[in-house]
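The primary structure of each chain is shown beneath.
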Amino acid sequence: MKQVWKKSAIIAALSFAVLTHSASAASTYSAKDGDTFWELSKQFGISLQQMLKANPMIDPNNIYAGLTIVIPASKVVKTAETAKAAPKEKAAKAKAAPKAAPKAKAAPKAASKAKMKAKAAPKAVKAASKAAVGKSMKMTSLDKKEEIITIGNSNYNYSEVVQAKASAYTAAASENGSWGAVDYFGNPLKLGTIAVDPNVIPLGSKVYVTGYDHGGLPVGGMMAIAADMGGAIKGDRIDIFVPQSQEQAKMFGFQYVKVFVLE
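All residue numbers refer to position in the chain's written sequence, counted from 1. Local features in this predicted model are restricted to residues of pLDDT 70 or higher, and side-chain atom pairs are both shown and tallied only at a pLDDT of 80 or more, whereas totals for entire chains, interfaces and linings draw on every residue. With hydrogens and water stripped out, all remaining heavy atoms of the structure feed into the side-chain values.

**Observations concerning the packing of aromatic side chains**
Piece 1. Pairs were defined over the aromatic rings of Phe, Tyr and Trp, the Trp ring being its six-membered one, requiring ring centres within 6.5 Å. Orientation was assigned from the angle between planes: stacked under 30 degrees, edge-to-face over 60, tilted for the rest. Overall, the coordinates contain six aromatic pairs when judged by the stated rule.
Piece 2. Here Tyr 29 and Phe 44 contribute two aromatic rings whose centre-to-centre distance is 5.7 Å and whose plane-to-plane angle is 75°, an arrangement assigned as edge-to-face. Taken together, the residues span a long stretch of sequence, with Tyr 29 in strand S1 (residues 27-30) and Phe 44 in helix H2 (residues 37-44) at a distance of 15 residues.
Piece 3. Residue Tyr 29 is classed as buried on the basis of its relative accessible area, which comes to 14%.
Piece 4. Between Trp 38 and Phe 185, the ring centres sit 4.7 Å apart and the planes meet at 90°, which makes this aromatic pair edge-to-face. Taken together, the residues span a long stretch of sequence, with Trp 38 in helix H2 and Phe 185 in the loop between helix H6 (173-176) and strand S5 (193-195) at a distance of 147 residues.
Piece 5. These aromatic residues form a ring-pair network of at least three members: Trp 38, Tyr 184 and Phe 185. In DSSP terms, a helix is any run of H or I states spanning at least four residues, a strand is any run of E spanning at least two, and both are numbered starting from the N terminus. Burial status follows relative accessibility: with a 1.4 Å probe on protein chains alone, a residue under 20% of its type maximum counts as buried, one over 50% as exposed, and anything between as partly exposed.

**Points about the environment of Asn 176**
Piece 1. Relative to the helices and strands, Asn 176 resides in helix H6.
Piece 2. For the pair Asn 176 and Gly 230, spaced 54 residues apart in the sequence, the C-alpha separation amounts to 9.0 Å.
Piece 3. In this description, contact between two residues means that some pair of their heavy atoms is separated by no more than 4.5 Å. Those residues in contact with Asn 176, other than ones at most four positions away along the chain, are Tyr 169, Thr 170, Ala 171 and Leu 189.
Piece 4. Looking at Asn 176, its side chain comes within polar contact range of the main-chain oxygen of Thr 170, at 3.1 Å.
Piece 5. Polar contact is defined as a pair of N or O atoms within 3.5 Å, subject to the rule that within protein one atom must be able to donate a hydrogen and the other to accept it, and that residues adjacent in sequence are counted only when both atoms are side-chain atoms. One polar contact links the side chain of Asn 176 to the main-chain carbonyl oxygen of Ala 172, over a distance of 2.8 Å.

**Examining H2**
Piece 1. Turning to H2, its buried residues are Phe 37, Leu 40 and Ser 41. Buried residues of H2, seen end-on, are gathered within an arc of 105° and therefore sit on one face of the element.
Piece 2. Turning to H2, the residues buried within the fold contact S1, helix H3 (48-54) and strand S2 (68-71).
Piece 3. Within two residues after H2, Gly 45 carries a phi angle of roughly 70°, on the positive side. By definition, the arc is the one covered by directions from the helix axis to the C-beta atoms.

**Notes on the layout of surface pockets**
Empty space left among the atoms is revealed by rolling a probe the size of a water molecule over them.
Piece 1. A 1.4 Å probe that fits but cannot get out identifies a cavity on a 1 Å grid over protein atoms alone, an open set with protein on both sides within 12 Å along at least five of seven lines counts as a pocket, and a residue lines either if it has an atom within 4 Å of a point. Grid points are joined across faces, edges and corners, and a volume is the space filled by probe spheres set on the points. Each pocket or cavity is described by its volume, and for the largest pocket that value is around 330 Å³.
Piece 2. Lining the largest pocket are 17 residues, with Glu 175, Asn 176, Met 229, Gly 230 and Gly 231 positioned closest to its centre.
Piece 3. Contributions of two or more residues to the lining of the largest pocket are made by H6 and strand S8 (237-241).
Piece 4. Polar here means any residue outside two lists: the nonpolar Ala, Val, Leu, Ile, Met, Phe, Trp, Tyr, Cys and Pro, and the charged Asp, Glu, Lys and Arg; Gly therefore counts as polar. Across the lining of the largest pocket, the residue classes tally to seven nonpolar, six polar and four charged.
Piece 5. Size it by volume and the second largest pocket reaches roughly 210 Å³.
Piece 6. Lining the second largest pocket are 17 residues; nearest its centre among them are Leu 52, Pro 56, Pro 60, Asn 199 and Lys 234.
Piece 7. Of the residues that constitute the lining of the second largest pocket, the class distribution is nine nonpolar, four polar and four charged.

**Structural notes on the environment of Ile 233**
Piece 1. By secondary structure assignment, the location of Ile 233 is in the loop between strand S7 (222-228) and S8.
Piece 2. Ile 233 gets classed as buried once you look at its relative accessible area, which sits at 4%.
Piece 3. Ile 233 sits 66 residues away from Ser 167 along the chain, and the two C-alpha atoms are 9.5 Å apart.
Piece 4. When neighbours within four sequence positions are excluded, Ile 233 is seen to be in contact with Ala 195, Val 196, Asp 197, Ile 238 and Asp 239.

**Digging into the nonpolar core**
Piece 1. The set of buried Ala, Val, Leu, Ile, Met, Phe, Trp, Tyr and Cys residues whose side-chain atoms join them within 4.5 Å is what this entry labels a nonpolar core. Formed by 38 residues in total, the largest nonpolar core has its most connected members in Phe 37, Ile 69, Ile 201, Val 209, Ile 238, Ile 240 and Val 259.
Piece 2. Mapped by element, the contributors of at least two residues to this core are H2, H3, S2, strand S4 (154-169), strand S6 (206-210), S7, S8 and strand S9 (255-262).
Piece 3. Of all the elements, S4 adds the most residues to this core, at four residues.
Piece 4. With residues up to four places along the chain from it excluded, the contact list for Phe 37 reads Leu 48, Met 51, Leu 52, Asn 55, Ile 58, Pro 60, Ile 63, Ile 69 and Tyr 184.

**A closer look at the pairing of S4**
Piece 1. Bridge analysis of strand S3 (residues 148-151) against S4 gives four bridges, and the strand direction is antiparallel. Bridge assignment links Ile 151 to a residue of S4, and that residue is Ser 154.
Piece 2. The antiparallel hairpin formed by S3 and S4 contains two residues in its connecting segment, where Gly 152 sits at a positive phi of about 65°.
Piece 3. Here eight bridges tie S4 to S9, and the two strands are oriented antiparallel to one another. Across the sheet, the residue bridging to Gln 163 is Lys 258, located in S9. When DSSP finds two or more bridges between two strands, those strands count as paired.

What follows is the structure, encoded as C-alpha cells:
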C-alpha cells in the first residue's frame, strides 16, 4: 500500500510540474499574410511591448506568411491540485491564529513608543532639512520645473525628454509599401502622427515635439502620437508625417528636436 501511495504521489507531482511549466512557457505562432504585432497582441491577450521584447530579431514592419513568432506566456494556470491545497492552507492558518492573540496585550506599549518617535520626528526632519538646504534646494526646484511643460494655456506633466534626430515622411506609396497610408495601428496617416523606436518611446505615447523648422508643420511645436514605426527609425530617431508632397517633405532634411513624452 505504501509503495502504491508513493507512486501516485510522484505521478501527481510530475503532472503538476508539467502543467505549470506548459502554462508559463512561451509558445510559437506561424505568421499569416496581414499579421501585425498589434493584432497578435490583442489576439493572445498580451501587451504590444511583451510581443516586441519576445521577438527582438523580427522587424515589425516585415512580418510575412510562415514567419515563426514567439508568443510570451501571460499567466500561470492554477491546477486542481493547487486549488485543493488552498483551503487546507487557510484552515491551518486559521487554527494557528489564536496563539498569536496574546501579543495584542503588548500593543499599547508599542503604540506609546510609536507616539514618542512621531513627536521626535519633526525635529529630526527640520535638522536634516537645514543641513541639506544649501545642497538640495536648488536641485529640487529645477527638477519640479522640468517635470511640467506649458503648451498654450495648459500645463502637462512629462516623464521623459528625448533629444531626437528627426526626418519627415508622406503618404506616398513608395514610402509606406504594402501597408498603405496608415500607421502601425491601421489608422490613416495624419498631421500629428510620428514614427518612433518603441524601445525608446513606447507606441501609443502622447508627445510634444518642438525645435523643428518646416512650413508644413505648426509653428513652435506640435502635439503628436507615437503611432507608427519604420525600418530606419532606430534609437533616438523619429519620422514626422507631413501632409505634403515628397518634394516638399525632402526640404525638411534632418533636424534635431526635443520630444517630451507626456504622462
